[in-house]
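Below, each chain spelled out in residue letters.
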Amino acid sequence: MDRRTFTLAALGATALGSMRLSSASASEVAKRAIPSTGEQIPIIGLGTNRYGVDESDEARAPLRESLQRFRAWGGGMIDTAPMYRTSESVLGDLIAEIDMRNTVFLATKVDKNSPESARTQMLSSHEKLKSEAVDLMQIHNLRGWQTSLPLLNEWKESGRARYTGISTSRSSQYEELEMILTNHNLDFVQLNYSLEQRESAERLMPLAADRGIGVIINRAFGGGRLFRAVATQKIPEWAKEFGCESWAQFLLKYALSHPAATVAIPGMTKARHVDDNFAAATTRMPTPAERKLQEAFFDDL
Ligand SMILES: NC(=O)c1ccc[n+]([C@@H]2O[C@H](COP(=O)([O-])OP(=O)(O)OC[C@H]3O[C@@H](n4cnc5c(N)ncnc54)[C@H](OP(=O)(O)O)[C@@H]3O)[C@@H](O)[C@H]2O)c1
């Protein structure tokens, strides 16, 4: 049976007790085109800044289970970085163990100022991830971008990285990022965007759309903080009309319904969160009018 038509019910999702999850299948997960090539990618990816654990089975078991669920939903982008402690090694080990490399779009980062240390760090990432090539190499928080950008292009040319990108999660870097996106060729920009933090939608996301740059959204939950803001609230009835069954889905659908968005990479160390978040990609996105309702609702909290 083709993995895309393999229902999650058959993979044990019914045990989670959710009617929605038991009937959803990986084939229902929405995909979008990477602007520079047209390659289709699932709109939910995985952020792994909390995957930097030790080698104990106790620490790795929930991450293994989350990755297994991620594969069951069809896989997609996994974002990591040398800065996330042992995250790259943990992913390299678990991806090999689960044998899921061919369902994963591996994105990592470089954060060095000199070309030599950047090259050494990128080679080390390949080794830890047990991959001869990564799908995406990004410059982390703009650090050393002047020296790393030519290196990234060189690696793309030689097939060691299929795509190039740059990331931030700080509005203090937006002005410089805007200048970089305007003047240089990149396949992706990764930035923070959420109901709480909408500034990146003002100039950066429209610019990315104009320049044919894919947008990866980080921190759609504000690092988890946004769940506390809605903790005492009920999901509004109008949000159920576009399929929201949880606050995570409400928040993800807001971020992903921006016209420039390509993929969101929520941090998930629990399998039930993987199921919840992928389910958001199996129902429709809010319309522009519904997005306004979401903003007004959030602003009133
Ligand atoms: N400059 C950069 O390049 C940069 C900066 C920041 C982040 N990032 C990337 O973006 C990713 C996302 O950022 P983030 O992890 O800091 O923040 P986030 O995605 O906004 O929030 C992650 C938090 O939300 C929780 N969560 C996930 N799904 C949930 C659900 N369905 N229900 C309830 N809680 C849920 C997670 O819990 P569990 O862990 O318990 O599942 C975790 O505590 C990072 O992992 C990293 O890959 C990049």
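The paragraphs below set out a description of the structure included in this document. (Residues numbered from 1 in each chain as written. Predicted model: local features only at pLDDT ≥ 70, side-chain atom pairs only at ≥ 80, totals over all residues.)

## A few points about the overall build of the protein
Then step 1. When helices and strands are counted, the protein shows 12 helices and 10 strands.
Then step 2. What you see for the protein is a C-alpha radius of gyration of 19 Å, in line with the 19 Å of a compact globule of 301 residues.
Then step 3. Taking the principal axes of the C-alpha coordinates as reference, the protein spans close to 55 × 40 × 35 Å.
Then step 4. With 301 residues in all, the protein has 43% of them scored as buried.
Then step 5. Counted over contacts in the protein with a minimum sequence separation of 6, partners at least 24 positions apart contribute 76%. (Helix = DSSP H or I, 4+ residues; strand = E, 2+ residues; numbered from the N terminus. Rg over C-alpha atoms; globule rule 2.2 N^0.38 Å. Buried ≥ 20, exposed ≤ 12 C-beta atoms within 10 Å, placed from the backbone. Contact = placed C-beta atoms within 7 Å.)

## What to know about the site of the ligand
Then step 1. In the region of the ligand, 29 residues are neighbours, and G47, S167, N218, A248 and G267 sit closest.
Then step 2. When residues of the shell around the ligand are assigned to their parent elements, the largest contribution, three residues, is made by helix α11 (residues 271-279).
Then step 3. Partitioned by chemical class, the residues of the shell around the ligand number seven nonpolar, 17 polar and five charged. (Near = placed C-beta within 6 Å. Nonpolar A, V, L, I, M, F, W, Y, C, P; charged D, E, K, R; others polar.)

## What about the pairing of strand β6 (residues 134-139)?
Then step 1. Of all six residues that make up β6, five are buried, and the element is covered over most of its length.
Then step 2. The pairing of strand β5 (residues 104-110) with β6 spans four bridges and is classified as parallel. By the bridge assignment for β6, K109 is matched with Q138.
Then step 3. For the handedness criterion, the β-α-β arrangement of β5, helix α4 (residues 115-128) and β6 is classed as right-handed.
Then step 4. Crossover connection from β6 via helix α5 (residues 145-158) to parallel strand β7 (residues 161-167): handedness right-handed. (Pairing = 2+ DSSP bridges. Right-handed = clockwise from strand over helix to strand, strands pointing away.)

## Considering the sheet that holds β5
Note: strands within a sheet are paired through backbone hydrogen bonds, in either parallel or antiparallel orientation.
Then step 1. Ordered in space as β3-β4-β5-β6-β7-β8-β9-β10, the eight strands form an open sheet in which the pairing is parallel. Each of the sheet's edge strands pairs with one partner strand only, and the pair in question is β3 (46-47) and β10 (261-264).
Then step 2. Sheet topology places strand β9 (residues 214-218) next to β10; three bridges connect them, and they run parallel. Each residue of the ladder has a partner; that of V215, found in β10, is A261.
Then step 3. In the packing of α5 onto the sheet, contacts are made with β5, β6 and β7, and the angle to β7 comes to roughly 160 degrees.
Then step 4. Docked against the sheet, helix α10 (residues 247-256) engages β9 and β10, running at close to 150 degrees with respect to β10. (Axes fitted to C-alpha atoms, helices over the stretch in contact; angles between N-to-C directions.)

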